[in-house]
Amino acid sequence: MFEFLKPVSEELQLYIENLPEYTLGKQIDCYVGSDEPELKEGGLVLFSVVENRNAPNASLENLNFDGIRKQFYRLVKGNWDVDVYDLGEILTGETVSDTYFAVKELTKQLHLKKCIPIMLGGSQDLMYGQYRAYDPEKGMVNLVNVDACFDLGNVDLPITNQSYVGKIVVDQPYNLFNYTNLGYQSYYVAPEELDLLNRMFFDGFRLGEVTGNLRMAEPIMRDANIVAIDCNSVSSAYYGVNPNGFTGREICALSRYAGISNKVTSFGIYEYNSDICYPSGDQLIAQLVWYFIEGVSARWNESGDLDTMDVIHYQVPVNDEVVSFYKSRITERWWMEITYSSRLNNNLISNALLPCTYEDYIEACDQNLPERWYNAKMKFEM
C-alpha cells in the first residue's frame, strides 16, 4: 500500500521531536519513508489526499495539510486503548481517476488489515474512491454525509464535487443501500433534488432539525458504514465562508457519534482549503479527528444481533403494523425492527434492526410510523 504514499515530511518530524511526551505526536506511529509502520488490527490510520481538480475554480496549491497535522500532533492523547498511525499523503495521480484508484486501493487494503481509515481530503468527490473500496465486501453500504448540499448533480456529466453522490447511486456495481444527509440547508437544495431523495427513500435532515436535537444523529451514525464531513457544513465563525452551519461543538459531537458506531469503517473530512482556513480552522479539523478516535475508543459491542444483546422488547400496534422496539439494558440505546418479504436481494444486510431513538418509540405509540422505519422498509421491499 505504501507505493501510493508520500511520507510525513521532515519538517513535521522535527516538529514532533520538540513536542512534550504526553502529546499525540509522541504517541502515534508515522510513516517517515525509511521504516513502514506495522499496522495492528483495530488501528486508526490517518492520511491526507492532495486532490481537488474536479472542484470548480479550485487549485492544488490550496491544499497543504501540515497545519492540521501540527494542531493534531499537539493535542493530548485520550485514555484510548487504540493504536493511531499517520501514513502521510496519497500522491496526486496523473489524472483524478488515478487518485480515486489510490484512495480505493489504500482504503481496501486497510480494511483487509481490519484498520479504520481517517481521510483528510480536498474536494469531496474523493468520497467516490472511498465508497468504491467497499465493492469486494459482502453486504451493502450505508453512507452518512454531513453536508449543506445533496451533491446529486447531473450524472450524465463528468463527476465533480457537486455530483459525486449521483455517481455513487447510478454507477455499477450497486452497493449503496442507504444515503443520509445531515444538515442540508434548503437554499442550497433544489426542489427536484429533494424530490429525488424522497423517491429513492433516502433520508435528509435540515440543519435546524439536527441542531435542535443533536442526539437524533446518534442512531443515524450507528447504522452507517461510511461517514463523511464537508468542512463547508460548518459555520464561518469556525471555518470557511458559509455564514450558517454547525458550530464547532456540534460538528465535534457528530464526529464522536461516528466514532462510537460499531459499523463505521471509514471516516473522511473533505473540502479543506488551506488558503481560507485560519489557524482555528486547522484546530477544529484536528479536533474532529481527535473526537472520532475518542468515539472509537468508547465503542460498545452492540451490533444489533438480538441473540447477543441484553434488551427489553416493546411491541407497538400502529394501524395494520406491529412495530417491535428494543432497548438495551446496558447503554439504553434503541432499535426498531423492520419486517420484510422473503424475496430479498442476497447482498442486503441480513439484520433488519434499525437504530432509532426513544422519540421514535413515542411517535409510534402516538400511532405515527417513524419516517426512517418507512423508508427502510420500502428499500428492503424494493
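**Focus on the overall build of the protein**
Part 1: Along the backbone of the protein there are 13 helices and 14 strands.
Part 2: For 382 residues, the compact-globule formula gives about 21 Å, and the C-alpha radius of gyration of the protein, at 20 Å, lands near that figure.
Part 3: Taken across its 382 residues, the protein has 56% of its residues classed as buried.
Part 4: Look at the contacts in the protein between residues 6 or more apart in sequence, and 74% of them connect residues 24 or more apart.
Part 5: As displayed, the protein offers around 17000 Å² of accessible surface, 47% of which is attributable to carbon and sulfur atoms.
Part 6: Once the 30 positive and 54 negative side-chain charges of the protein are each reduced to a mean point, those two points are 4 Å apart.

**Focus: the pattern of salt bridges**
Part 1: If you walk through the whole model with that rule in mind, you get 12 salt bridges.
Part 2: Lys 108 is paired through a salt bridge with Glu 105; the nearest N and O atoms lie 3.0 Å apart. With Lys 108 and Glu 105 both in helix H4 (residues 96-112), this residue pair falls three residues apart, about one helical turn.
Part 3: Across the pair Arg 333 and Glu 302 runs a salt bridge whose closest N-O atoms are separated by 3.1 Å. Residue Arg 333 is found in the loop between strand E12 (321-328) and strand E13 (334-337), and its partner Glu 302 is found in the loop between helix H11 (279-297) and strand E11 (311-318); the two are separated by 31 residues along the sequence.
Part 4: For Glu 302, a relative accessible area of 7% gives the class buried.
Part 5: Counted as one network, the salt bridges with shared partners bring together Glu 218, Arg 222, Glu 302 and Arg 333.

**Quick look at helix H10 (residues 248-260)**
Part 1: Given a rise of 1.5 Å per residue, 13 residues ought to cover 18 Å, and the 19 Å separating the end C-alpha atoms of H10 matches this to within 8%.
Part 2: For H10, the buried fraction is high: 10 of the 13 residues fall into the buried class.
Part 3: Within the sequence span of H10, burial applies to Gly 248, Glu 250, Ile 251, Cys 252, Leu 254, Ser 255, Tyr 257, Ala 258, Gly 259 and Ile 260.
Part 4: Contact partners of the buried residues in H10: strand E6 (141-146), helix H8 (207-212), helix H9 (217-222), strand E9 (226-230), strand E10 (266-270) and H11.

**Considerations on H4**
Part 1: For H4, spanning 17 residues, the distance from its first C-alpha to its last is 24 Å, which sits close to the expected 24 Å at 1.5 Å a residue.
Part 2: The complete set of buried residues in H4 reads Val 96, Thr 99, Tyr 100, Ala 102, Val 103, Glu 105, Leu 106, Thr 107, Leu 110 and His 111.
Part 3: Along its buried surface, H4 packs onto strand E1 (5-6), strand E3 (44-49), strand E4 (84-90), strand E5 (116-121), helix H5 (127-132) and E10.
Part 4: Looking one or two residues beyond H4, the residue adopting positive phi is Lys 114, at roughly 60 degrees.

**Describing the sheet that holds E11**
Part 1: Taken in spatial order, the four strands make up an open sheet running E11-E12-E13-E14, and their pairing is antiparallel. Edge positions in the sheet fall to E11 and strand E14 (353-356), since each of these pairs with one other strand and no more. Averaged over all pairs of adjacent strands, the angle between strand axes in this sheet comes to 30 degrees, irrespective of strand direction.
Part 2: Relative to E13, E12 runs antiparallel, the two sharing three bridges. Note that in E13 the partner of Phe 325 across the bridge is Met 336.
Part 3: Along the sheet, helix H12 (residues 358-365) contacts E11, E12, E13 and E14; its crossing angle with E11, the most-contacted strand, is approximately 35 degrees.
Part 4: With respect to the sheet, helix H13 (residues 371-381) is in contact with E12, E13 and E14, its orientation differing from that of E14 by roughly 155 degrees.

**Some points on the packing of H10 against H11**
Part 1: In the contact formed by H10 and H11, the axes pass within 7 Å of each other and the chain directions differ by 35 degrees. The way H10 lies across H11 gives a crossing that is right-handed. Taking contact as the criterion, the partners of Gly 248, Ile 251, Cys 252, Ser 255, Arg 256, Ala 258, Gly 259 and Ile 260 in H10 are, on H11, Leu 284, Gln 287, Leu 288, Tyr 291, Phe 292, Glu 294, Gly 295 and Val 296.
Part 2: Of the residues in the contact of H10 with H11, the class split is nine nonpolar, five polar and two charged.

**What about the pairing of E12?**
Part 1: Bridging between E11 and E12 involves eight bridges; their strand directions are antiparallel. Among the inter-strand pairings, Ile 312 is bridged to a residue of E12, identified as Lys 327.
Part 2: Counted between consecutive antiparallel strands, the loop separating E11 from E12 contains two residues, among which Asn 319 sits at a positive phi close to 55 degrees.
Part 3: Joining the antiparallel neighbours E12 and E13 is a turn of five residues, in which Glu 332 adopts a positive phi near 65 degrees.

**Some words on unusual backbone geometry**
Part 1: Following Gln 172, the chain continues to Pro 173 via a peptide bond in cis, the omega torsion being -5 degrees.
Part 2: With respect to the element layout, Pro 173 can be found in the loop between helix H6 (164-170) and strand E7 (176-184).
Part 3: Within the chain, Glu 271 stands out as a residue other than glycine whose phi angle is a positive 65 degrees.
Part 4: If you trace the backbone, Glu 271 turns up in the loop between E10 and H11.

Rules used in this analysis
Residues numbered from 1 in each chain as written. Predicted model: local features only at pLDDT ≥ 70, side-chain atom pairs only at ≥ 80, totals over all residues. Heavy atoms only, no water. Helix = DSSP H or I, 4+ residues; strand = E, 2+ residues; numbered from the N terminus. Rg over C-alpha atoms; globule rule 2.2 N^0.38 Å. Buried < 20%, exposed > 50% of the residue type's maximum accessible area, 1.4 Å probe, protein only. Contact = heavy atoms within 4.5 Å. Areas by Shrake-Rupley, 256 points an atom, 1.4 Å probe, with all protein chains shown as cover. Lys, Arg positive; Asp, Glu negative; His and termini not counted. Charge placed at Lys NZ, Arg CZ, Asp CG, Glu CD. Salt bridge = Lys/Arg side-chain N within 4 Å of Asp/Glu carboxyl O. Expected span 1.5 Å × (residues − 1). Pairing = 2+ DSSP bridges. Axes fitted to C-alpha atoms, helices over the stretch in contact; angles between N-to-C directions. Left-handed = near helix turned anticlockwise from the far one by under 90°. Nonpolar A, V, L, I, M, F, W, Y, C, P; charged D, E, K, R; others polar.

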